[in-house]
Structures are given as C-alpha cells and as structure tokens.
Amino acid sequence: MAEPYYITTAISYPNGRPHIGHAYEAIAADAIARFQRQAGRDVRFQTGTDEHGLKMVQAARAEGRPVAQLADEMSGYFRDMCDALNISYDRFVRTTEPAHYRASQALWEAMAAKGDLYPSRYEGWYSVRDEAFYTDAEVVEGEGGIKLSPQGTPVEWTVEESWFFRLSKYQQPLLDLYARDPDFIRPDGRRNEVTRFVEGGLTDLSVSRTSFDWGVPVPGADGHVMYVWVDALTNYLTGIGYPDADAAERRYWPADLHLIGKDIVRFHAVYWPAFLMSADIPLPKSVFGHGFLLHRGEKMSKSIGNVVDPQALVAAFGVDALRYFLLRDVSFGQDGSYSAEAIVTRVNAELANSFGNLAQRTLSFIAKNLEGAFPSVGTAAEADGMLIEEVVVACAGLRAAFGDLALSQGIETWMRGVFACNQYIDAQAPWALRKTNPDRMHAVLRTLVRAIRMLAIAILPVVPTAAAKVLDQVGAEERDHAAIDDDGWYERVAASGFRIAPPAPVFPRLELPPEAA
Ligand code: MSP
C-alpha cells in the first residue's frame, strides 16, 4: 500500500471572488500534490471555502442579501477557479456542510472533556477583516486616530460573553514542539516569528461569539457560535472523516503539509496545534507559509483597481503558462510580483523559446525526415551520454528541490537540462548530418527524444496539460510518466511502430495583450 500524503490549502473566505493570490496558493499546492503522486504516494489534496464569521455576515449585509446565498455563489467561483487552473483536488470542503458541523462539534467536545474550555467574558480588540483578536499592545494608531491591527486592518472594541480556550496552558508544549521539530513551521523566518510571539506569552483565546449566529453552534451553549477560526481549522479533519474512527480517509492524518499564506501562520502554528494537543489528536507534520503575490510590486486592492480575476489571466496566457510563471518566478516562501510583461517574458524565454522549441524542432525534423519513425541507435558519441547524464541530473535536481518545497529553484535546475539540450542540438546540427552522416544523425535524434521525454515527465507537475501533450507526441503513455529513467522505454515504443506526427506547437509564444502594454 502506498504511503499516504495529505496536503491542504487554506480555505478561502468566499466574501468576494477569488483573486490571483488564491490562485497562486492553489497552483503551488497542486504542483506539490502532482509531484507526490508521481513519487508514488497515495495523495489526498484538499481545498475549500471558509464560510462563517463576521466578515461573511458583513459582506452579505453590504450587498443586501442572505449570507448563505452569498456563500453559495462565491464558493462556486472558487471551485470554478480550481477547475480553470487544473487543480487536482480530491476534496473541496465547505464549512457550511453538515459533516463539517459534526467534526467541529466533536473537536469542541474533545477540548471541553480535557477541561480546556471555560465560559467568561471577552473585552478587547477584534479585526473583522482578519477575523482575529488583538491585545492592547499590538494595536497601533493609524491616520485620524483610527485603531489598527499590526496587519493594518481596522479593529473595534468588543465586549461579549464567550467561551475561552486555555491557550496559555500550551505555551511551553508549543515552544517544545518548535524546538523539537524545526520542520513544523517553514520557512525558517516564519518559525522565528512564531517562536518570538509564543515566547512573549499566550493569553487564553476567546472561542465563541454571541453577537451573531452565522457559525457552528457550540454544543450545549445556546446562543453561542464558534469563533470562525475554530471551525475553519477543523476543515482539515472534516475532509478525512473525523470524528468517525473507522473512516477510510483517516489514514491521511496527520496531514503532511498545510500550505498557507504568511498572514495566517499564527493560526496554523499556534492555535491549531494547541487545539489538537488538547483533543489528543496527532499534529500535522508541517505548516508552510508562502509569500504574498503583489501586482507590479504593489499590494492588490479593490481601491487601487489592480485585482485581477485569475480566469482572465488564464484566458489571456493559458493555464500552463500562468502556472509556470508563478512557480518559476516567485521564490517559494517569499513575496513575488507579477505583471503581464513579466509573464510574457518568462514564458517566452523558457517555455516557448527553450523547451517548446527544443521539442518542436526535434519532433518536426523526425516527422519530416524519418517519416516519424523513431531514430535507430546510429553511431553513438560521447556527447550523447553526457547530455543524457546532464538531463538526468537536472530532472533529479527538480525532484529533490520539490521534495524540499524549493519550487522555483527546482524549475531553474530543470531549465539547465533544457539549455544543455539546446546547446547539444546546435553543436550536433542534425540537419547538417542528414546528408553527411545519417547514422550519426540517428544517434543525435534518438538522444534528443529520450531527453525530451525525461524533461517532460519532470515538469508535468508544473505544466500538466502541455507536458502531457509532449509526452503524447513521443508516444509516452500515462503509465510511463512517473519514472525519469528510460528503462527500455525507447526501444519498446520504437518496436511498437509508433510514429511521431508533425507536432502542433505545445508552448505558443505569448503576445502582450494590448490593454496591458
Ligand atoms: N479563511 C482564511 C483561511 C482559513 S484556513 C483554515 C483566509 N482566507 S483568505 O481568503 O483570506 O485567504 C486564503 C489564502 O490565500 C490564505 O492562505 C492567504 O494567505 C492567501 N492569500 C490571500 N491573498 C494573497 C496574496 N495576495 N498572495 C498570496 N496569497 C494570498 O485567510
């Protein structure tokens, strides 16, 4: 039985339509999920929408419509976005599902049974935008005396009857966890921030609200709904069948990776493990806080008018081009910036002119000059073995880097294999060999077909549709897609009589859309 691998994205607030930041997270998680599937893991990939809380209530009120209706509509757009981006999720959790109520209430009861929940009264700052409580010391004064959270979002003074979770009790266990398992929070910088925050002291957390009713009811406490982050975090358990002890999906717990943005690391690396410790549930193995995506270096916001619908970018550039750009251009873990020019430049240089061109010129040459038949062994030269070696190293480098979540670095390493092929093709000049030394031409083309297959397999998690087309063009069937190693592949396909058809270009050159120029 393959080893399980459970990866999750954050679940997004469906208070508006998805933007490129949401798309970025989904794409990164998808590439990791596909990579782990290739590596033979039994992958479970979960995403969804976080539909409760005051932010949703206020968004619905502003639009003058019922909150459930807003959630239904917007959640649908998030699902559509996943489809448009070719996101291979196994489960899309909506926190308004009955199964999620059951999971959240079961977790609540487990924490209550531990004696970690008690009723009291909350008095303090609350940011609806962040759905977060802040202490006096954290709140700063903005323009016109407006009180702001450290994230720069408005906070309001809130006084309310509520249940509390004994977070303070978990201060030392959390610090022990971070020290014992440095991979629990990644990258390092985020772990340092969280450690400092926890070292500064934890106060108990208000975990229920009484001033509105859009949430999961607290068991046995009329008028209380759970604080939205309590139910939101529980989604990771809902999707694997909690609290049913014998649900088949329980094999996926503990999660291998919660992939989230840097703004919500505190919730995942402090509150979530504390809740789980309280409920005696094993902890996830890792929380990775990726950076923020900016537009031309600026924060995206409705008021600046630079919020772009990810589906418009897919329409303009194609899904694989967008995926490639985001994973290649942004150093994973850090903030990154995008613009139409940057997408066009990167994709044309690396996909269209380098990998695409390599495949295109090799395969069309074979189609034209060998009637598509696989080149024979021909006369080998040292350069052939060296090229294959370089390509194998580049593909293995991508895989090692992806295993460490160094996505951009992995693609950069892969590109070295592509460049090596292009140098090889120029140096060997098969078009000249056609007349002077056809045996040598065969060996060169054969080497290139093998190299193209390896490079396409390695890059499948990043550009699944386009890489699969290249693999189809060289007759590599799905079952062959996982291993880089040839293992007699070439000879099998050659013997099968497969012919390379005149290939349609898989990585078209992009033009800058007129409105972006
Ligand atoms: N609902 C919470 C998460 C609950 S998880 C149990 C939430 N939702 S969100 O819609 O605001 O954000 C969803 C994810 O998108 C988060 O991981 C967030 O960091 C990420 N991003 C939101 N804007 C982003 C960018 N501009 N760039 C990259 N990621 C960003 O937080």
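Everything that follows concerns the structure shown earlier in this document.
Predicted model only: the values in this text are computed from it and were never measured.

## Let's talk about the pattern of salt bridges
Moving on, step 1. According to the stated counting rule, one finds 30 salt bridges in the structure shown.
Moving on, step 2. Note that Asp256 and Arg41 form a salt bridge whose closest N and O atoms lie 3.7 Å from each other. One end of the pair, Asp256, is in the loop between helix H7 (228-238) and strand S13 (257-261); the other, Arg41, is in the loop between helix H1 (20-38) and strand S2 (42-49), and 215 residues separate them in sequence.
Moving on, step 3. Of the charged contacts, one joins Glu51 and Arg94 as a salt bridge, the two residues approaching to 2.7 Å between their closest N and O atoms. Separated by 43 residues along the polypeptide, Glu51 in the loop between S2 and helix H2 (54-63) and Arg94 in strand S3 (residues 91-94) bring together distant segments of the chain.

## Examining the side chain of Thr9
Moving on, step 1. Counting through the fold element by element, Thr9 comes out in strand S1 (residues 4-9).
Moving on, step 2. Thr9 gets classed as buried once you look at its relative accessible area, which sits at 2%.
Moving on, step 3. At 2.7 Å, the side chain of Thr9 and the side chain of Thr47 are in polar contact.
Moving on, step 4. If we ignore the near neighbours within four places in the chain, the residues touching Thr9 are Glu25, Ala26, Ala29, Phe45, Gln46, Thr47, Tyr236 and Leu259.

## Focus on the site of the ligand
Moving on, step 1. As a structural note, the neighbourhood of the ligand is formed by 24 residues, with Ile11, Glu25, Asp50, Asp263 and Leu293 the closest of them.
Moving on, step 2. Contact between the ligand and Tyr13: an oxygen atom at 3.0 Å from a main-chain N or O atom of the residue.
Moving on, step 3. For the ligand, the protein covers 93% of the area, taking 650 Å² as the surface of the free molecule.
Moving on, step 4. In terms of residue count, the dominant contributor to the shell around the ligand is H7 (5 residues).
Moving on, step 5. For the shell around the ligand, the residue count by class is 12 nonpolar, 9 polar and 3 charged.

## Points about helix H13 (residues 407-428)
Residues separated by three or four positions in an α-helix point in the same direction, a consequence of the helix having 3.6 residues per turn.
Moving on, step 1. For H13, built from 22 residues, the straight-helix expectation of 32 Å at 1.5 Å per residue is met to within 8% by its first-to-last C-alpha distance of 32 Å.
Moving on, step 2. Of the residues flanking the end of H13, it is Ala429, one or two places downstream, whose phi is positive at about 40°.

## Details of the sheet that holds strand S14 (residues 287-290)
Moving on, step 1. One open sheet accounts for 6 strands, arranged S3-S2-S1-S13-S14-S9; its pairing is parallel. Either end of the sheet is taken by a strand with one partner, and the two such strands are S3 and strand S9 (185-186).
Moving on, step 2. In this sheet, S14 lies alongside S9 in parallel orientation, the contact comprising 2 bridges. In the strand pairing of S14, Ile185 is matched with Val287.
Moving on, step 3. Its contacts with the sheet put H7 on S1, S2, S3 and S13, and the angle it makes with S1 is roughly 155°.

## Here we look at the environment of Leu448
Moving on, step 1. Tracing the chain through its elements places Leu448 in helix H15 (residues 438-459).
Moving on, step 2. Classification of Leu448 by relative accessible area gives buried; the value is 0%.
Moving on, step 3. Residues Leu448 and Leu358 lie 90 residues apart in sequence; the distance between their C-alpha atoms is 8.6 Å.
Moving on, step 4. Setting aside anything within four residues of it in sequence, one finds Leu448 in contact with Leu358, Thr362, Leu387, Cys421, Tyr424 and Ile425.

## Examining empty space enclosed by the protein
Moving on, step 1. According to the stated counting rule, one finds 1 cavity of 30 Å³ or more in the structure shown.
Moving on, step 2. Of the pockets and cavities examined, the largest cavity occupies roughly 40 Å³.
Moving on, step 3. If you go around the largest cavity, the residues you meet are His52, Gly53, Leu54, Tyr126, Glu131, Arg209, Phe212, Trp214, Met226, Tyr227 and Val228.
Moving on, step 4. A per-class count over the lining of the largest cavity returns 7 nonpolar, 2 polar and 2 charged.

## Points about the sheet that holds strand S5 (residues 132-134)
Moving on, step 1. With antiparallel pairing, 4 strands are arranged side by side in an open sheet as S5-S4-S8-S10. The open sheet has two free edges, formed respectively by S5 and strand S10 (205-206), since each of these has just one partner strand.
Moving on, step 2. Pairing of strand S8 (residues 156-165) with S10 involves 2 bridges; the strand directions are antiparallel. Across the sheet, residue Phe164 finds its bridge partner in S10, namely Ser206.

## Quick notes on the environment of Asp130
Moving on, step 1. Turning to its location among the elements, Asp130 is positioned in the loop between strand S4 (117-127) and S5.
Moving on, step 2. Residue class for Asp130 comes out buried when judged on its relative accessible area of 16%.
Moving on, step 3. Separated by 3.4 Å, the side chains of Asp130 and Ser149 make a polar contact.

## Quick look at the pairing of S2
Moving on, step 1. Within S2, 8 of the 8 residues are buried, leaving the element largely enclosed by the surrounding structure.
Moving on, step 2. Across the two faces of S2 the burial is the same, with Asp42, Arg44, Gln46 and Gly48 and Val43, Phe45, Thr47 and Thr49 all buried.
Moving on, step 3. Strand direction decides the pairing type here: S1 and S2, joined by 5 bridges, are parallel. Bridge pairing links Thr8 to Gln46 in S2.
Moving on, step 4. Chirality of the crossover, the property in question, places the unit of S1, H1 and S2 among those that are right-handed.
Moving on, step 5. Pairing of S2 with S3, which is carried by 4 bridges, proceeds in the parallel orientation. Residue pairing in the sheet places Gly48 in a bridge with Val93 of S3.

Each value, and the rule that gives it
- Residues numbered from 1 in each chain as written.
- Predicted model: local features only at pLDDT ≥ 70, side-chain atom pairs only at ≥ 80, totals over all residues.
- Heavy atoms only, no water.
- Salt bridge = Lys/Arg side-chain N within 4 Å of Asp/Glu carboxyl O.
- Helix = DSSP H or I, 4+ residues; strand = E, 2+ residues; numbered from the N terminus.
- Buried < 20%, exposed > 50% of the residue type's maximum accessible area, 1.4 Å probe, protein only.
- Polar contact = N/O pair within 3.5 Å; in protein donor to acceptor, adjacent residues only side chain to side chain.
- Contact = heavy atoms within 4.5 Å.
- Near = heavy atom within 4 Å.
- Areas by Shrake-Rupley, 256 points an atom, 1.4 Å probe, with all protein chains shown as cover.
- Nonpolar A, V, L, I, M, F, W, Y, C, P; charged D, E, K, R; others polar.
- Expected span 1.5 Å × (residues − 1).
- Pairing = 2+ DSSP bridges.
- Axes fitted to C-alpha atoms, helices over the stretch in contact; angles between N-to-C directions.
- 1 Å grid on protein atoms, 1.4 Å probe; cavity = no way out; pocket = protein on both sides within 12 Å on 5 of 7 lines; lining within 4 Å.
- Points joined across faces, edges and corners; volume = space filled by probe spheres on them.
- Right-handed = clockwise from strand over helix to strand, strands pointing away.

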